Amino acid sequence: MATDRQLSVKEMKRILKPDGQIYMSLGAGPPFGYVDQSEWENILEEFTIRRGGSYQQKWALLSLKQV
Amino acid sequence: MLVGAEMNAEKNMDFKGKHKPKKRLILNSSGKLMSKLIPWNVGLSIAEPIARLFEPPQKLVGPYVKRGQVVADLGCGRGYYTLALAKLVGADVKVYAVDLNKNNVRALQKRADKAGYHNIEAHNSSASDLSFITDKSVDFILANGLL
C-alpha cells in the first residue's frame, strides 16, 4: 500500500467513532487510478465490511473491527 | 442558478483582468488532449448539474447519515456531497471537508456561505493528515473516490 494511502486509512481509523461508518470508493483502477485489487483487499482487511467490497464494485461501507 | 452566478462571476473577473482562472487539461478516452481552454471551475460547473441528474448526492449519503451526526468528507472537491451532508446532519453539527486542492476548498467555502451552511469546516489538507480532527469524534466518513 502506498505510504500516503496507508496514512489516510490510519487517519480514518483514528477519527472514526467505534460505532461509526466509512463509505469508501475508488475513482478508477490502474492505469487511470492508483489502487489495484490487492491493495483494495489490503485496505478492506483493516475494517469490517458492512456492504459492497468487491473490486468490481469499487465501493464499500466499512466500520472498525471490534477488538 | 448557482452555476450561472458562478460563471458570471468568473467572466467578470476575466473582464476586469484581476486574475485568470486556471486552465484544466481534459483528455479524451484515448488520452489525447481535447481542450486546454476550459477553466477548471467552469468545467465543473457544467458537469455538476449533469452528475446531479444521475447521482443525486442525497441518494448516496442519505441512507448512512442521521441528523446530529458528525461527518467528514475526505476529498470533498467543490462540495458536491458536503452541502448535502451539511443539510442532513443539521445546522448545529460539524461537517469536516478536506481537499488537497486549494481552489476546491475556496470554492466550497464560497458555496457554503452562499447557501447559509455555517457548520462546514473546510481544510486544505491531505487525508493523510487530519490532525485538526480529534480521535474518535466522527460518526460517518465519506471517502468517495479518494484513494
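Just so it is clear, the model here is predicted, and its values are computed rather than measured.

Undergrad: Even after reading the chapter, I still don't get the overall build of chain B, so can you show me in this structure?
TA: Scanning chain B from N- to C-terminus turns up five helices and six strands. Ordered by position from the N terminus, the helices and strands of chain B form the series α-β-β-α-α-β-α-β-α-β-β. A burial count over chain B gives 32% of its 147 residues as buried. Long-range pairs, those at least 24 residues apart, make up 59% of the contacts in chain B with a sequence separation of at least 6.

Undergrad: Can you help me understand unusual backbone geometry in this one?
TA: For residues other than glycine, phi is negative in most cases, and the peptide bonds are mostly trans. The phi dihedral of K58 of chain A falls on the positive side, at around 65°, and the residue is not glycine. With respect to the helices and strands, the residue K58 of chain A is situated in the loop between β2 (47-52) and β3 (59-64).

Undergrad: Could you clarify how one ought to interpret the interface of chain A and chain B in this entry?
TA: Think of interface size as the accessible area that goes away when the parts come together; that is how it is often given. Contacts between the two partners involve 21 residues from chain A, matched on the other side by 20 residues from chain B. Among the elements of the structure, α1 (3-15) and β1 (16-25) of chain A are those that each provide at least two residues to the side of chain A that touches chain B. Among the elements that make up the side of chain A that touches chain B, the one with the highest residue count is β1 of chain A (nine residues). Residue composition of the side of chain A that touches chain B, by class: eleven nonpolar, five polar and five charged. Sheet topology note: the β1 of chain A/strand β6 (residues 138-144) of chain B ladder contains six bridges and is parallel. Along β6 of chain B, the bridge assignment pairs Y23 of chain A with L142 of chain B.

Undergrad: Just checking my understanding: could you explain the nonpolar core for this structure?
TA: A general tendency of soluble globular proteins is for nonpolar side chains to be buried together. Counting residues in hydrophobic clusters, the biggest one holds 49 residues, and the most contacted among them are I22 of chain A together with V71, A72, L85, I141, L142 and A143 of chain B. Apart from residues lying up to four places away in sequence, I141 of chain B is in contact with M12, L16 and I22 of chain A together with A72 and L74 of chain B.

Undergrad: Honestly, the environment of R51 of chain A in this entry has me stumped. Any pointers?
TA: Residue and element names in this part refer to chain A. Locating R51 in the fold gives a position in strand β2. What makes R51 partly exposed here is the crowd of 13 C-beta atoms within 10 Å. When the C-alpha positions of R51 and K65 are compared, they lie 14 Å apart, and in sequence the two are 14 residues distant.

Undergrad: Help me understand the sheet that holds β2 of chain A, please; the structure alone is not making it clear to me.
TA: What holds strands together in a sheet is hydrogen bonding between their backbones, with the strands either parallel or antiparallel. Strand order in the open sheet formed by seven strands is β2(A)-β3(A)-β1(A)-β6(B)-β3(B)-β4(B)-β5(B), and the pairing between neighbours is mixed. Edge positions in the sheet fall to β2 of chain A together with β5 (120-124) of chain B, since each has one partner strand and no second. If you compare each strand with its neighbour and ignore which way they point, the axes differ by 20° on average. With five bridges connecting them, strand β4 (residues 95-99) of chain B and β5 of chain B associate as parallel partners. For Y96 of chain B, the partnering residue across the bridge sits in β5 of chain B and is E121 of chain B. Contacting β1 and β3 of chain A together with β3 (71-74) and β6 of chain B, α1 of chain A runs over the sheet at an angle of about 145° to β1 of chain A.

Undergrad: Just to check I follow, could you spell out the pairing of β3 of chain B for this structure?
TA: On a regular strand, one side chain projects to one face of the sheet and the next to the other, so that they alternate. Residues and elements named next belong to chain B. The alternating pattern of β3 places V71 and D73 and A72 and L74 on opposite faces, both of which are buried. Where β3 and β4 come together, four bridges link them in parallel fashion. Its bridge partner lying in β4, A72 is registered against Y96. Regarding the hand of the β-α-β motif, the stretch spanning β3, helix α4 (residues 82-89) and β4 is right-handed. Pairing of β3 with β6, which is carried by three bridges, proceeds in the parallel orientation. Among the inter-strand pairings, D73 is bridged to a residue of β6, identified as L142.

Undergrad: I'm lost on α1 of chain A in this one. Help?
TA: The α-helix advances 3.6 residues per turn, and as a result positions three or four apart in sequence lie on the same side. Between its first and last C-alpha atoms α1 of chain A spans 18 Å; for 13 residues at 1.5 Å apiece the expected length is 18 Å, and the two agree. Among the residues of α1 of chain A, S8, V9, E11, M12 and I15 of chain A are the ones counted as buried. Axial view of α1 of chain A: buried residues confined to an arc of 160°, hence all on one face. Residues of α1 of chain A that are exposed and point over 90 degrees away from its buried face: T3 and K10 of chain A. Structurally, α1 of chain A contributes buried residues whose contacts are with β1 and α2 (37-45) of chain A together with β3 and β6 of chain B.

About the criteria used
- Residues numbered from 1 in each chain as written.
- Chains lettered and ligands numbered in written order.
- Predicted model: local features only at pLDDT ≥ 70, side-chain atom pairs only at ≥ 80, totals over all residues.
- Helix = DSSP H or I, 4+ residues; strand = E, 2+ residues; numbered from the N terminus.
- Buried ≥ 20, exposed ≤ 12 C-beta atoms within 10 Å, placed from the backbone.
- Contact = placed C-beta atoms within 7 Å.
- Nonpolar A, V, L, I, M, F, W, Y, C, P; charged D, E, K, R; others polar.
- Pairing = 2+ DSSP bridges.
- Core = buried A, V, L, I, M, F, W, Y, C linked by C-beta atoms within 7 Å.
- Axes fitted to C-alpha atoms, helices over the stretch in contact; angles between N-to-C directions.
- Right-handed = clockwise from strand over helix to strand, strands pointing away.
- Expected span 1.5 Å × (residues − 1).
- Arc of directions from axis to C-beta.

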